[in-house]
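# Reading the structure
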Amino acid sequence: MTKLQSEAGLLPTEMFHFINGIEVESSDGARGELINPVDETVLASYSFGGVAEVDAAVSAARSEFDNGVWSSLSGYQRGCLINKLADLVERDADLIADMDAVCIGRVPMEPRILDLPNAIQTIRTSAGWADKIEGRTIPTPGYLGRATLSYTVNEPVGVVAAITPWNTPFMITCWKVAPLLAAGCTVVIKPSEETPMSALHLAKLAKEAGIPDGVVNVVTGSGSVIGNALVRHPGVDKITFTGSPAVGQHIQTEAAKDFKRVSLELGGKSPQVVFSDADQGEALAGCAMGIFFNQGQICAAGSRILVQRDIADEFAQKLADVASNIVVGNPQEEGVQMGPVCKKAQLDRVNYYIREGVAAGASLLAGGECPYEKGWFVRPTVFAAATNDMAIAQQEIFGPVATVIPFDDEQDAVEIANGTVYGLGATVWTSDVKRAHRMAKKIKAGAVGVNCWAPIDARLPWGGVKQSGSGRECGLSGVMAYTEEKVITVVTD
């Protein structure tokens, strides 16, 4: 197998499905290519699977769940093996960070300082929950005059299909895989076509950690084929998906036909609300990170920046100055702060919404449309004097485009913040603690940060409301999402 040199070591340039503990080529030999967003050269190739590979992977996961040892292990035993997996991820952290960074054109520092530490904590936290999945004893009047003991147990839901995105692939894969392993489930992972490297590496590390073959399987290929086959497969008990609302809606509709369990983490148009009493330096730095981190390719990107009217113009200009000073280029080169977006379609999408913002009359203070040359580079962009009905304020752009919207008071800010179909994350910047609590209560979002953007932590549940999805990942909620509660009643006299 040939390799590609990275900052942390050698990356694979040839990849295969990982099914029942071994690497497997597609039955028809079909392969896909990973394209470097920087210069559009071919980085690597991977097996491009179909229904046959999905059947094989689900069969392996089903057999291990029904007849193997994984779900019959004690929680303590599973936790020990999951902790071994965390040790191996920690050992290979730099290599995994480069796997994700090179595929999406990201500055390697970013996954090193956020994604990998969070993923490792998620695995270790889930390992800690494995032997703490408890039931309840529920007193009742009894059964036909006879005394009873009624109690509940939480059992693993079964075989899970985990369909993961390309923007923070390893971290989100761990959000799904670590809790389901703690619960005793088995899994078939379908990574994004743009970022299969790290998921395949995770599966190999699971085997190295001693997790039985068939517990963690990976099938690579297109979402339209692999994803649909997994969602419709009778051997799959639950689907967990992170991606667009349109695909999430399709998955939920298809899963409903067989009453499969579904968890969905979908899009966002997260507001960052800046009051005039906030620490302006902290708010500016937080808002900039919230929209420009990972090229703005984050579901919870703080792309709608609501600023109290008396400071809105000044704040927007300062944000534009920050944007204009960000160094865009090859993320592997020293001093570069932002690489290209992940794919050509994403470049086209960002450019489309920049044109829409200009046409709608928003003031373009920084950045702007980027003509396509070579590599999928965009400039950090800031619009000011926008209104909440503009497309740039309502639609998820998934790129480094900030929309500054002025507001008058708390009520106005709440109405604007809640004035979208999304509800994933939100941030409130203020020095007034009473106001912070009022705003956090009124904003419709799965998570609200006060004076901090997207405080994601392995111990905190994460998910959205409205069209940002349903269900929660991470923390105890993330583990319990992969269990079913069973009631047992015993007549005791």
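Figured I'd write up the structure that's included with this text. (Residues numbered from 1 in each chain as written. Predicted model: local features only at pLDDT ≥ 70, side-chain atom pairs only at ≥ 80, totals over all residues. Heavy atoms only, no water.)

### Examining the overall build of the chain
A count of helical and extended segments in the chain gives 15 helices and 22 strands. In terms of overall dimensions, the chain is globule-like: its C-alpha atoms have a radius of gyration of 23 Å, near the 23 Å expected for 493 residues. A principal-axis box enclosing the C-alpha atoms of the chain has dimensions of 75 × 65 × 40 Å. With 493 residues in all, the chain has 58% of them scored as buried. (Helix = DSSP H or I, 4+ residues; strand = E, 2+ residues; numbered from the N terminus. Rg over C-alpha atoms; globule rule 2.2 N^0.38 Å. Buried < 20%, exposed > 50% of the residue type's maximum accessible area, 1.4 Å probe, protein only.)

### Considerations on the sheet that holds strand E3 (residues 14–15)
Spatially, the 3 strands line up as an open sheet ordered E3-E7-E6, and their pairing is mixed. Two strands lie at the open edges of the sheet, namely E3 and strand E6 (31–35), each paired on one side alone. Sheet topology places E3 next to strand E7 (residues 42–47); 2 bridges connect them, and they run parallel. Within the sheet, the bridge partner assigned to Glu14 lies in E7 and is Ser45. (Pairing = 2+ DSSP bridges.)

### Focus on the sheet that holds strand E15 (residues 304–308)
Here we have 7 strands laid out as an open sheet, ordered E16-E17-E18-E15-E14-E19-E20, and mixed in their pairing. With partners counted over all chains shown, the strands left at the sheet margins are strand E16 (363–366) and strand E20 (447–450), one partner each. Within this sheet the neighbouring strands show an average axis-to-axis angle of 20°, counted without direction. The sheet contact formed by strand E14 (residues 271–274) and strand E19 (residues 425–429) spans 3 bridges and is parallel. (Axes fitted to C-alpha atoms, helices over the stretch in contact; angles between N-to-C directions.)

### A closer look at empty space enclosed by the protein
Under the definition given, this model contains 7 cavities of 30 Å³ or more. Residue lining of the largest cavity: 13 residues in total, with Ala301, Ser303, Glu396, Ile397 and Phe398 positioned closest to the centre. Of the residues that constitute the lining of the largest cavity, the class distribution is 7 nonpolar, 4 polar and 2 charged. (1 Å grid on protein atoms, 1.4 Å probe; cavity = no way out; pocket = protein on both sides within 12 Å on 5 of 7 lines; lining within 4 Å. Points joined across faces, edges and corners; volume = space filled by probe spheres on them. Nonpolar A, V, L, I, M, F, W, Y, C, P; charged D, E, K, R; others polar.)

### Quick notes on the layout of surface pockets
Taken as a whole, the largest pocket encloses approximately 740 Å³ of empty space. The wall of the largest pocket is formed by 32 residues, among which Trp166, Phe241, Gly243, Ser244 and Val247 lie closest to the centre. Among the secondary structure elements, those contributing two or more residues to the lining of the largest pocket are helix H7 (223–232), strand E12 (238–242), helix H8 (245–256) and helix H11 (344–360). It is H7 that provides the largest number of residues to the lining of the largest pocket, a total of 5 residues.

### Focus on the pairing of E12
Most of E12 sits out of view: 5 of its 5 residues are buried. Side chains Lys238, Thr240 and Thr242 project from E12 onto one buried face, and the interleaved Ile239 and Phe241 project onto a second face that is buried too. Looking at chain direction, strand E9 (residues 159–163) and E12 are connected through 4 bridges and run parallel. Looking across to E12, one finds that Val160 is bridged to Lys238. Two elements, E12 and strand E13 (residues 261–265), share 5 bridges in a ladder whose sense is parallel. Residue Phe241 lies in a different strand from E13, and its bridge partner there is Leu264. Each parallel crossover has a hand, and for E12 linked through H8 to E13 it is right-handed. (Right-handed = clockwise from strand over helix to strand, strands pointing away.)

Keep in mind these numbers describe shape, not what the thing actually does.
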